[in-house]
Amino acid sequence: MMGTVVTIEVIGHGETDERRAERANAAARAIDWFQRVEDCCSRFDPCSELRRISERIGAPVRVHATTLEVVRFALALADETGGAFDPTVGDAMVERGFDRHYRTGEAVTVTRGVPATYRDVEVDAANATITLHRQLQLDLGAVAKGFAIDLAARELSPFANFAVNAGGDLFVGGHNASGDDWSIGIRHPRDEAAVIDTLRVSNVAVCTSGDYERRSPRDQGSHHILDPRRGESASGAASVTVIAPLAMVADGLATAAFVLGPERGLELLARHGVEGLIVTPELERFATPGWSRG
Ligand code: AMP
Ligand code: MG
């Protein structure tokens, strides 16, 4: 789902059959959230709410609370980073060859007129509407998965001990099957088989943005995180990992810090009071003061 594999683990010990069934049902509902968020937020699905907004330039379009929340958070992050993070990168992504639905293979095309930025998007929270003031394509790829992880985690919270893992972006609650904090390996950005760090955590989200995740089909030298100010792949980091209470926050901040690079990236994480690790392409490590090795 969402172009990745979602794994959900919910721990139960010596429980009744009824409790076991409840646990399985909760896991199924948790998985469903990924589909529901994707139905709202996919820029590849012609029926998604996100695509409907792009079809009505200049008009307020009523949207579901999910879409509203994700767009609102993305715009706030865009504002805070001066456009280093910008959810209007959809057209630029298409131009770089990121133009196909991962499941159907259906291609999307560029909608662009005049180059647009996040300032061309208006959210009216009171009326639950979004207005695009220019032709543009929203792209929530940097935050929507985090939101889905949060909704899945909320579904599983009555069970206390669980993990939601969406392709390495995750939320872990309580303890693992052995009764310990969850152990999370952070992939080495230049060696698929190695970890660059290990965490021991509980009741937090951990999200990683890496330049190794998706290469441009048009140009193998460039990847899927854009620096919109330069119109090129961001090059200040090779990977960024963020630990935060919510996965949408960890997901968004990881992408934003990736674009900002080590110095300004760490400042951003400090402002939000979250921990993070930024690894540069030269494999230099920059961590927040509270970053702890497992
Ligand atoms: P992530 O893997 O969470 O870092 O998100 C990467 C995805 O975010 C890309 O595949 C794009 O869909 C989107 N994206 C790329 N560059 C940016 C940017 N500068 N600001 C916001 N979203 C971006
Ligand atoms: Mg992200």
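Residues numbered from 1 in each chain as written. Chains lettered and ligands numbered in written order. Predicted model: local features only at pLDDT ≥ 70, side-chain atom pairs only at ≥ 80, totals over all residues. Heavy atoms only, no water.

What is the right way to read the nonpolar core from this model?
Note on soluble globular proteins: their nonpolar side chains tend to be buried together. If you look at the biggest cluster of nonpolar residues, it comprises 73 residues, and the most contacted ones within it are Phe34, Leu140 and Val242. No other element matches the eleven residues that helix H6 (residues 247-260) contributes to this core. If near-sequence neighbours (up to four positions away) are discounted, Phe34 is found in contact with Met1, Met2, Val6, Lys145, Ala148, Ile149, Ala152, Val164 and Ala166. (Core = buried A, V, L, I, M, F, W, Y, C linked by side-chain atoms within 4.5 Å. Buried < 20%, exposed > 50% of the residue type's maximum accessible area, 1.4 Å probe, protein only. Helix = DSSP H or I, 4+ residues; strand = E, 2+ residues; numbered from the N terminus. Contact = heavy atoms within 4.5 Å.)

I would appreciate a short explanation of the site of ligand 1 in the present structure.
Taken together, 17 residues lie near ligand 1, and Asp86, Asp139, Ser209, Leu226 and Thr255 sit nearest. Asp86 is positioned with one of its backbone polar atoms (N or O) 2.9 Å from a nitrogen atom of ligand 1. A distance of 3.5 Å is found between an oxygen atom of ligand 1 and a side-chain nitrogen or oxygen belonging to His224. Burial of ligand 1 by the surrounding chains reaches 93%, relative to a free accessible area of 500 Å². A total of three residues in the shell around ligand 1 trace back to one element, the largest contributor, which is H6. Of the residues belonging to the shell around ligand 1, the class tally is nine nonpolar, four polar and four charged. (Near = heavy atom within 4 Å. Polar contact = N/O pair within 3.5 Å; in protein donor to acceptor, adjacent residues only side chain to side chain. Areas by Shrake-Rupley, 256 points an atom, 1.4 Å probe, with all protein chains shown as cover. Nonpolar A, V, L, I, M, F, W, Y, C, P; charged D, E, K, R; others polar.)

I'm lost on helix H3 (residues 65-80) in this one. Help?
Structurally, the α-helix is built with 3.6 residues per turn, so residues lying three or four positions apart point the same way. Here H3 is 16 residues long and its end C-alpha atoms lie 22 Å apart, about the 22 Å a rise of 1.5 Å per residue gives. Along H3, the residues that are buried comprise Thr66, Thr67, Leu68, Val70, Val71, Phe73, Ala74, Leu75, Leu77 and Ala78. Packed against the buried residues of H3 are helix H1 (17-41), helix H2 (49-54), strand S3 (121-124), strand S4 (129-132), helix H5 (144-156) and H6. Phi turns positive one or two residues past the end of H3, at Gly82, with a value near 60°. (Expected span 1.5 Å × (residues − 1).)

What's the story with the packing of aromatic side chains in this structure? I'm lost.
All chains considered together, the criterion is met by one aromatic pair. With a centroid separation of 6.0 Å and an interplanar angle of 15°, the aromatic rings of Phe162 and Phe171 are classed as stacked. In terms of burial, Phe162 and Phe171 fall into one category: buried. Between the NZ or CZ atom of Arg187 and the centre of the ring of Tyr212, over which it lies, the distance is 3.9 Å. (Phe/Tyr/Trp six-rings, centres within 6.5 Å; stacked < 30°, edge-to-face > 60°. Lys NZ or Arg CZ within 6 Å of the ring centre and 35° of its normal.)

How do you make sense of the side chain of Thr208 when you look at a structure like this?
By secondary structure assignment, the location of Thr208 is in strand S9 (residues 204-210). In this structure Thr208 touches Asp169, Glu213, Ser239, Val240 and Thr241, once residues within four positions along its chain are discounted.

Can you walk me through H6 in this structure?
Helix length check: H6, at 14 residues, gives a terminal C-alpha distance of 20 Å against a target of 20 Å (1.5 Å per residue), a fit within 8%. Of all 14 residues in H6, 14 are buried, a share of seventy percent or more. Trailing H6 by a residue or two, Gly261 shows a phi angle of about 85°, which is positive.

Help me understand the coordination of the magnesium ion (ligand 2) in this model?
Each pair of donors in an ideal four-coordinate tetrahedral metal site encloses 109.5 degrees, whereas pairs in an ideal six-coordinate octahedral site enclose 90 or 180 degrees. The magnesium ion (ligand 2) binds to the protein through Ala142 (O), Asp251 (O), Asp251 (OD) and Thr255 (OG1); the donor distances cover 2.0 to 2.5 Å. Linear spacing of the donor residues for the magnesium ion (ligand 2) on their chain is A-x108-D-x3-T. Highlighted residues: Ala142 in the loop between S4 and H5 and Asp251 in helix H6, separated in sequence by 109 residues. (Donors = N, O, S within 2.8 Å, 3.2 Å for Na, K, Ca; no water.)

Sorry, what's going on with the sheet that holds S9 here?
The strands making up a sheet associate through hydrogen bonds between their backbones, and the pairing can be parallel or antiparallel. Here we have seven strands laid out as an open sheet, ordered S1-S5-S6-S9-S12-S13-S14, and antiparallel in their pairing. Unpaired on one side and paired on the other, strand S1 (6-10) and strand S14 (285-287) mark the two borders of the sheet. Adjacent strand axes in the sheet meet at a mean angle of 10°, parallel and antiparallel pairs treated alike. Judged from the three bridges that link them, strand S13 (residues 275-279) and S14 form a sheet pairing that is antiparallel. Within S14, the residue paired with Leu277 across the bridge is Ala287. Sheet strands touched by H5: S1, strand S5 (162-166) and strand S6 (169-173). Its angle to S5, the strand with the most contacts, is close to 160°. Packed onto the sheet, H6 meets S6, S9, strand S12 (239-244) and S13 and runs at close to 30° relative to S9. (Pairing = 2+ DSSP bridges. Axes fitted to C-alpha atoms, helices over the stretch in contact; angles between N-to-C directions.)

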